[in-house]
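Secondary and tertiary structure notes
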Amino acid sequence: MSAVAALAGVSTATVSRVLNRSKPVNAETQQRVEAAVSQLGYRANPFARSLTSGESRLILVLTPDFLNPFFAEIVQGIESVTRRSGYSILLSQASDTAPLDTVYERLVDGVISLAHLRDPKALSGTDRKHNLPWVACSEFRPDDDIPYVSIDHRQGAIDAVQYLLNRGHRRIALLTAAEDYTWARQRRIGYEETLRRAGLTVDPALIRVARGTEYADGIEAVGGLLSLQDLPTAIFAVADTLAIGAIKALRRAGRRVPEDVAVVGFDNLHLAQVFEPSLTTIAQPMRELGQAAVELLLGQLAGEKPVSRMLPHTLVVRESG
């Protein structure tokens, strides 16, 4: 900054005012400073600036899986808002301890978590001097006071299973994930409630818990269903990745989708549209979730009281169901 000031013939305070837009500077002076910045290739050090301003303009985003297309869509939504608002994002693989150093060294102004954390209060600084604003996105804990943006996962499952019931299916299997995830637990609740409301018994043999949410996990989990003597006529999968894996497993076993077994997923990933057969699914507004999460966090940074939000979901009917 001193070099820029010397070249432009102004004080470092004037350079600071031009770069930070903190106070008005006459047009001729601003042009000289900007020309000096360009000539010298000057870039402000955001961490040095954060020491004086008290903010880094960085938001930490905790994600369980960098490669999962569902989380990638949400991150794109987050980035679209932070870019317009003058913030940048710092992505971190989520765990219950890894982000602590980053958070409590004040390298970020706030946190958006897409991950399941056993003790988010400990990570959010409840008992520490740096109590950063946090927002949970998609995955949240209803018993926590951390504000969140999500959808009604239970109702989404109800809509999916009721659709299959309306199509005449009575033997409907559930392909789910580990239920320490709130969304997986709520979707199973919706599945079971809908069957009981229709006067059907929930058959444990038709509920399969996949090891994870990758395509291969769906293929593996459906293997157990294919070994049953009385096969299901439909499968509700709690994620599109599991649903697509299920369809691949059914095809390998010589089963037609949807003629022999209908399949409904959850999320509405881009692949759901182009996969054959195209996937009937519950559409989550993934980018909108990310955008709403940032808006909620920026509101906290501005001193507003956070209010959690539920965004709408939609049943998208395609070929698989």
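This text goes with the structure placed above it.
This report concerns the structure included in the present document.

Scoring rules and cut-offs
- Residues numbered from 1 in each chain as written.
- Predicted model: local features only at pLDDT ≥ 70, side-chain atom pairs only at ≥ 80, totals over all residues.
- Heavy atoms only, no water.
- Pairing = 2+ DSSP bridges.
- Helix = DSSP H or I, 4+ residues; strand = E, 2+ residues; numbered from the N terminus.
- Axes fitted to C-alpha atoms, helices over the stretch in contact; angles between N-to-C directions.
- Contact = heavy atoms within 4.5 Å.
- Buried < 20%, exposed > 50% of the residue type's maximum accessible area, 1.4 Å probe, protein only.
- Parallel < 35°, antiparallel > 145°, perpendicular 65-115°, else oblique.
- Left-handed = near helix turned anticlockwise from the far one by under 90°.
- Nonpolar A, V, L, I, M, F, W, Y, C, P; charged D, E, K, R; others polar.
- Expected span 1.5 Å × (residues − 1).
- Phe/Tyr/Trp six-rings, centres within 6.5 Å; stacked < 30°, edge-to-face > 60°.
- Lys NZ or Arg CZ within 6 Å of the ring centre and 35° of its normal.

**Regarding the sheet that holds strand E1 (residues 58-63)**
- Ordered by their spatial adjacency, 6 strands build an open sheet running E2-E1-E3-E4-E5-E11, and the pairing between neighbours is parallel. One side of each edge strand has no neighbouring strand; the edge strands of this open sheet are strand E2 (88-93) and strand E11 (309-311). Averaged over all adjacent pairs, the angle separating strand axes in this sheet is 20°, with direction ignored.
- Where strand E5 (residues 148-151) and E11 come together, 3 bridges link them in parallel fashion.

**Concerning the sheet that holds strand E9 (residues 262-267)**
- Ordered by their spatial adjacency, 6 strands build an open sheet running E7-E6-E8-E9-E10-E12, and the pairing between neighbours is mixed. Lying at the two open borders of the sheet, with one neighbouring strand each, are strand E7 (207-209) and strand E12 (314-316). On average, adjacent strands in this sheet sit at an angle of 20° to one another, irrespective of strand direction.
- Across 4 bridges, E9 lies against strand E10 (residues 280-283) in parallel orientation. Its bridge partner being in E10, Val 264 is matched across the sheet by Thr 280.
- Each of strand E6 (172-176), E7, strand E8 (234-237) and E9 is contacted by helix H9 (residues 182-197), which is oriented at about 170° to E6, the strand it contacts most.

**Here we look at unusual backbone geometry**
- Omega for the bond connecting Val 257 with Pro 258 falls within 30 degrees of zero, at 10°, which places this linkage in the cis form.
- By the element assignment, Pro 258 lies in the loop between helix H11 (240-252) and E9.
- Cis geometry is found at the peptide bond from Glu 276 to Pro 277, where omega equals -5°.
- Relative to the helices and strands, Pro 277 resides in the loop between helix H12 (271-274) and E10.
- The phi dihedral of Ser 138 is positive, around 75°, even though this residue is not glycine.
- Taking the relative accessible area as the measure of exposure, Ser 138 reaches 5% and is therefore buried.
- A positive phi is found at Asp 267, a non-glycine position, where the angle reads about 135°.
- Looking at where Asp 267 falls in the secondary structure, it is placed in strand E9.

**Side note on the packing of helix H8 (residues 153-166) against H9**
- Where H8 meets H9, the closest approach of the two axes is 7 Å, and the angle between their N-to-C directions is 40°. It follows that H8 is oblique to H9 by the angle criterion. For the pair H8 and H9, the sense of crossing is right-handed. In contact with His 153, Arg 154, Ala 157, Ile 158, Val 161, Gln 162 and Leu 165 of H8, H9 contributes Trp 183, Gln 186, Arg 187, Ile 189, Gly 190, Tyr 191, Glu 193, Thr 194, Leu 195 and Arg 197.
- Grouping the amino acids of the contact of H8 with H9 by side-chain chemistry returns 8 nonpolar, 5 polar and 4 charged.

**What about H11?**
- The terminal C-alpha atoms of H11 lie 18 Å apart, and with 13 residues this matches the ideal 18 Å at 1.5 Å per residue to within 8%.
- With respect to burial, H11 is a largely interior element, 10 of its 13 residues being buried.
- Looking at H11, one finds that the buried residues are Asp 240, Thr 241, Leu 242, Ala 243, Ile 244, Gly 245, Ala 246, Ile 247, Ala 249 and Leu 250.
- As for H11, its buried residues are in contact with E6, helix H10 (215-226), E8, E9, H12 and E10.
- Gly 254 sits one or two residues past H11 and shows a positive phi near 80°.

**Quick word on the packing of aromatic side chains**
- Counted under the stated rule, the structure contains 4 aromatic pairs.
- Look at Phe 70 and Phe 71: their rings are 5.3 Å apart centre to centre, the planes differ by 70°, and that puts the pair in the edge-to-face class. Summarising the burial analysis for this pair, Phe 70 and Phe 71 share the class buried.
- For the pair Phe 236 and Phe 266, a centre-to-centre distance of 6.4 Å together with 50° between the ring planes defines the contact as tilted. Pair noted here: Phe 236 is in strand E8 and Phe 266 is in strand E9, with a separation of 30 residues, a long-range link. Judged on exposure class, the residue Phe 236 and its partner Phe 266 are both buried.
- The positively charged end of Arg 57 is found above the aromatic ring belonging to Tyr 87, 4.1 Å away from the centroid.

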